[in-house]
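Residues per chain are reported as follows:
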Amino acid sequence: MSLKRALVLGALLAWAPLALALLVSGSEWLGRDLPGGLPLGNVLSASILCAPALAGWLASRPRTRQRLWAAMTLVAALAWLPVSIWLAGNAALNFHGQRGAVWLGFSAVVVIALGVSLAWALVAALRRRG
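The following paragraphs examine the structure supplied in this document. (Residues numbered from 1 in each chain as written. Predicted model: local features only at pLDDT ≥ 70, side-chain atom pairs only at ≥ 80, totals over all residues. Heavy atoms only, no water.)

**Here's the deal with the overall build of the protein chain**
For the protein chain, the count of helices and strands is four helices and zero strands. When the helices and strands of the protein chain are read in sequence order from the N terminus, they spell out α-α-α-α. A total of 130 residues make up the protein chain; the buried ones form 33% of that total. Residue pairs at least 24 apart in sequence account for 59% of intrachain contacts in the protein chain once pairs closer than 6 positions are excluded. (Helix = DSSP H or I, 4+ residues; strand = E, 2+ residues; numbered from the N terminus. Buried < 20%, exposed > 50% of the residue type's maximum accessible area, 1.4 Å probe, protein only. Contact = heavy atoms within 4.5 Å.)

**Let's talk about the environment of Trp86**
In this structure, Trp86 sits in helix α3 (residues 65-88). Along the primary structure Trp86 and Ala11 are separated by 75 residues, whereas in three dimensions their C-alpha atoms are 30 Å apart.

**Examining α3**
For α3, built from 24 residues, the straight-helix expectation of 34 Å at 1.5 Å per residue is met to within 8% by its first-to-last C-alpha distance of 33 Å. At Trp80, α3 shows its largest kink, close to 40°, and the proline Pro82 lies no more than four residues downstream. All of the buried residues in α3 are Gln66, Arg67, Ala70, Thr73, Leu74, Ala77, Trp80, Leu81, Ser84, Leu87 and Ala88. Next to the buried residues of α3 lie α1 (3-25), α2 (40-59) and α4 (98-129). Looking at the residues trailing α3, positive phi occurs at Gly89, about 80°. (Expected span 1.5 Å × (residues − 1). Bend = angle between axes of the 7 residues up to and from the residue.)

**Topic: the environment of Ala6**
By the secondary structure assignment, Ala6 is in helix α1. Owing to a relative accessible area of 34%, Ala6 belongs among the partly exposed residues under this scheme. For the pair Ala6 and Ala59, spaced 53 residues apart in sequence, the C-alpha to C-alpha distance is 8.8 Å.

**Observations concerning the packing of aromatic side chains**
On inspection of all chains with the given rule, the structure shows two aromatic pairs. Ring centres 6.1 Å apart and planes at 50° place the aromatic pair Trp80 and Trp103 in the tilted group. In this pair, Trp80 is assigned in helix α3 and Trp103 in helix α4, connecting sequence segments 23 residues apart. When its relative accessible area of 7% is taken as the criterion, Trp80 is described as buried. Ring-pair connections join several aromatic residues into one group, and the members of that group are Trp80, Phe95 and Trp103. Sitting over the face of the ring of Trp57, Arg67 holds its NZ or CZ atom 4.2 Å from the ring centroid. Its end group placed over the ring of Trp86, Arg99 keeps NZ or CZ at 6.0 Å from the ring centre. (Phe/Tyr/Trp six-rings, centres within 6.5 Å; stacked < 30°, edge-to-face > 60°. Lys NZ or Arg CZ within 6 Å of the ring centre and 35° of its normal.)

Right under this line is the structure:
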């Protein structure tokens, strides 16, 4: 793996915990609306899923099952925010009734798929190295 690729992967993987720390800080700026009414905190939340999903895709080898899984995980991570908005019926992601449970299940599936993708990429990279 090239140094440039390793730096990109490191930056993507470092973003998730940094963004999560920013999110749980509860800062006022997280509630600021972007054009279209989407709160900045929701975009930050989506990036917590997208950055490591992209890292898993970049770390996987082309034309392998691992790359296919990583690609599906990346698509799911990219779809998380639009699906969340659709389920909530609003950009603020305020859920009512059963839709909140469905959203929680969908989010859990995305996070689990992301974990599998990253673990698979790590194991494959260690095998290639050793």
